Amino acid sequence: MDLHSGLPFWIAKNALYDYFNPLKRDIQVEIAIIGSGITGALVANELCDRGISCTVFDRRTASTGSTIASTAQLQYEIDVPLSQLIKDIGQEKAVAAYKASLQSITDLEQTFEKVGINPDFKRVPTLFLADSRKGFQLIKEEFTAREKYGLPVRFVDKKELKKEFNIDGRGALYNDTSAQMDSYKAATQLLEYRRKKKQLELYTHTEIIDFKKRESGYDLISSEGHFIRCKYVIIAAGFEAGRFLPKPLMKLESTYAVISQPVEETKLWQERCLIWNTANPYFYMRTTKDNRIIIGGEDVPFKDPIKRDKLIRSKKDQLIKQFNKLFPEIDFVADMTWCGTFSSTKDGLPLIGPYPKNDRMLFALGYGGNGITFSMIAAQMLVNCIEEKEDKRINLFELSRLM
Ligand SMILES: Cc1cc2nc3c(=O)[nH]c(=O)nc-3n(C[C@H](O)[C@H](O)[C@H](O)COP(=O)(O)OP(=O)(O)OC[C@H]3O[C@@H](n4cnc5c(N)ncnc54)[C@H](O)[C@@H]3O)c2cc1C
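Note that the coordinates shown come from a computational prediction; the quantities given were computed from them, not determined experimentally. (Residues numbered from 1 in each chain as written. Predicted model: local features only at pLDDT ≥ 70, side-chain atom pairs only at ≥ 80, totals over all residues. Heavy atoms only, no water.)

Once that is clear, we can look at the overall build of the protein. Along its length, the protein carries 11 helices and 20 strands. Taking 2.2 N^0.38 as the reference for a compact globule, 403 residues should give roughly 22 Å; the C-alpha atoms of the protein span a radius of gyration of 21 Å, in line with that estimate. Viewed in the frame of its principal axes, the protein has a C-alpha envelope of about 65 × 45 × 40 Å. Taken over 403 residues, the protein has a buried fraction of 59%. Here the contacts in the protein between residues at least 6 apart in sequence split such that 75% fall between residues at least 24 apart. Both charge centroids of the protein, one from 58 positive and one from 53 negative side chains, sit 2 Å from each other. (Helix = DSSP H or I, 4+ residues; strand = E, 2+ residues; numbered from the N terminus. Rg over C-alpha atoms; globule rule 2.2 N^0.38 Å. Buried < 20%, exposed > 50% of the residue type's maximum accessible area, 1.4 Å probe, protein only. Contact = heavy atoms within 4.5 Å. Lys, Arg positive; Asp, Glu negative; His and termini not counted. Charge placed at Lys NZ, Arg CZ, Asp CG, Glu CD.)

Sheet architecture is open: three strands sit in the order 4-9-5, paired in antiparallel fashion. The strands lining the two open edges of the sheet, one partner per strand, are strand 4 (73-74) and strand 5 (122-123). Alignment of strand 4 against strand 9 (residues 179-180), held across two bridges, turns out to be antiparallel. Following the sheet pairing, glutamine 73 is matched in strand 9 by glutamine 180. (Pairing = 2+ DSSP bridges.)

On to the sheet that holds strand 8 (residues 171-175). Within a beta sheet, neighbouring strands are joined by backbone hydrogen bonds and run either parallel or antiparallel to one another. The strand order across the open sheet formed by nine strands is 1-18-14-17-16-15-6-8-7, and the pairing between neighbours is mixed. At either end of the open sheet lies a strand with only one pairing partner, and these are strand 1 (4-6) and strand 7 (154-157). For this sheet, the mean angle separating the axes of adjacent strands, direction not counted, is 20°. In the sheet, strand 16 (residues 284-287) pairs with strand 17 (residues 293-301) via four bridges, with the strands oriented antiparallel. Bridging across to strand 17, threonine 287 finds its partner in isoleucine 293. Taken strand by strand, helix 6 (residues 158-165) contacts strand 6 (126-129), strand 7 and strand 8, and its axis lies near 90° from that of strand 7. Contacts from helix 9 (residues 312-326) reach strand 1, strand 6, strand 14 (251-260), strand 15 (274-277), strand 16, strand 17 and strand 18 (334-344), with the element oriented near 125° to strand 17. (Axes fitted to C-alpha atoms, helices over the stretch in contact; angles between N-to-C directions.)

The local shell around the ligand holds 38 residues, among which Thr39, Asp58, Arg60, Thr67 and Gln73 are the closest. At 2.6 Å, a side-chain N or O of threonine 39 approaches an oxygen atom of the ligand. Between the ligand and threonine 71, the relevant distance is 2.9 Å, taken from a nitrogen atom to a side-chain nitrogen or oxygen of the residue. When isolated, the ligand has an accessible area of 1000 Å², and the protein chains bury 98% of it. Secondary-structure elements contributing two or more residues to the shell around the ligand are helix 2 (38-49), strand 18 and helix 10 (371-386). (Near = heavy atom within 4 Å. Polar contact = N/O pair within 3.5 Å; in protein donor to acceptor, adjacent residues only side chain to side chain. Areas by Shrake-Rupley, 256 points an atom, 1.4 Å probe, with all protein chains shown as cover.)

What follows is about the layout of surface pockets. Each pocket or cavity is described by its volume, and for the second largest pocket that value is around 730 Å³. Along the walls of the second largest pocket sit 31 residues, with Asp79, Val80, Glu253, Asn280 and Tyr282 positioned nearest its centre. Residue assignment for the lining of the second largest pocket shows that the elements contributing at least two residues are helix 3 (82-89), strand 14, strand 15, strand 17 and strand 18. Sort the elements by how many residues they give to the lining of the second largest pocket and strand 17 lands first, with three residues. Residues of the lining of the second largest pocket, tallied by class, amount to 16 nonpolar, eight polar and seven charged. (1 Å grid on protein atoms, 1.4 Å probe; cavity = no way out; pocket = protein on both sides within 12 Å on 5 of 7 lines; lining within 4 Å. Points joined across faces, edges and corners; volume = space filled by probe spheres on them. Nonpolar A, V, L, I, M, F, W, Y, C, P; charged D, E, K, R; others polar.)

The next thing to look at is the packing of aromatic side chains. Considering all chains together, one arrives at 17 aromatic pairs under this definition. Relative to tyrosine 203, the ring of phenylalanine 57 lies with its centre 5.5 Å away and its plane at 15°, an arrangement referred to as stacked. With phenylalanine 57 in strand 3 (residues 54-57) and tyrosine 203 in strand 10 (residues 200-203), this pair connects stretches of sequence that are 146 residues apart. Residue class for phenylalanine 57 comes out buried when judged on its relative accessible area of 0%. (Phe/Tyr/Trp six-rings, centres within 6.5 Å; stacked < 30°, edge-to-face > 60°.)

Moving on: the environment of lysine 212. Its location among the elements puts lysine 212 in strand 11 (residues 208-214). Discounting chain neighbours no more than four positions away, the residues touching lysine 212 are Gly217, Tyr218, Asp219 and Ile221.

Before going further, it helps to examine the nonpolar core. In this structure, Ile31, Ile33, Leu47, Met181, Ile234 and Phe397 are the most contacted members of the largest nonpolar core, which totals 82 residues. Apart from residues no more than four positions distant in its own chain, isoleucine 33 is found in contact with Gly40, Val43, Ala44, Leu47, Cys54, Thr55, Val56, Phe57, Ile234 and Ala236. (Core = buried A, V, L, I, M, F, W, Y, C linked by side-chain atoms within 4.5 Å.)

The next point concerns the pairing of strand 14. Among the 10 residues that make up strand 14, eight are buried, leaving the element largely enclosed by the rest of the structure. Note that strand 14 and strand 18 share 10 bridges and pair antiparallel. Bridge pairing in strand 18 links isoleucine 259 to methionine 336. Here strand 14 runs beside strand 17; their pairing, made up of six bridges, is antiparallel. Following the sheet pairing, isoleucine 259 is matched in strand 17 by isoleucine 294.

Now the structure itself:
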């Protein structure tokens, strides 16, 4: 399946990581990672950092799955509001999931600093806008829950919203713990860094089509008929991971994004914060280093790539209409439009860990619209698992909760 179409900004902005290395023989490796997106790259980086060599396989050009389409807003806010998640899975687990997500933004920042790369990571605040009367009720409940459990949050009332952000609205929640980045640049630079240090091998244009379990690991089979013998296999195959899962655990959605031409810097809103709202599906926006505005949302259930792509024009118009309503004084001239697919689980949390328990097939599927914070969490958790170190986050994200 095509994971995206149209022209994602990041393809135009970055030089393609043009590395072509299909697997042409049978090999034996310690740890095989299927997928070279931001999840696979972070997992590989974490393994290398702890002195464990690994090999990444991707059926495409490196990191050109969902990662190249991502708008890469990094927020502690999971797709399911905390107040709702508490009702769904209980206070202890919901708060722990939110706190893990909050911590992962700092961990991402430190990961890039440690290896000396700069994927345009920038700290920016977030504004979560009430889009309706019902949305206002939600942010009030959400404020109470976040404040009670020690998550960073400030209530912005109608007056403050107008005065500070020049937005006409009912109210919003503000926090200054978020960030934004270029996830394609992050993934490709991490892979290149570890490859150059000879800690990582990368095979592109190599699809893994089957696998066989052995007593002490797995044999993977490529579409060209080559065998890969490994002690552990990590499934970071994003939304195409279905063939490795014991049963369907994900619901696929199509999502749309538009980027503007650069805008005069003085016209941009206060602190250039990430903005999203309480609508379902939600509407969101961010800016870029060169003063463009990215807007996105208009999610619909995914049927097939052709149906998804047919909607690009009308979704673009809808997104610009929503932007104009919020910021009528900013002239949004669309430059590029694209769409992509993402998936979510029943409870809105990712699938991270071995399945079955203690198996040597480990999953790192950072599902949902806020997937990248989960990718960071997955990298740490899976390496802890391989090193047999305790990681309490397994109780939140292990696959067996949905079986
Ligand atoms: C338009 C859009 C906007 C988004 N915005 C945000 C956002 O603002 N913030 C956020 O946190 N998240 C966002 N997301 C979600 C985020 O982009 C994803 O969670 C993240 O990119 C997933 O990365 P990944 O590495 O897990 O998957 P991918 O990038 O899809 O990588 C998986 C890789 O596995 C490879 N693969 C699959 N099957 C096989 C196989 N059998 N053999 C070999 N290789 C295989 C694929 O080719 C692919 O390269 C957005 C997504 C989209 C589409």
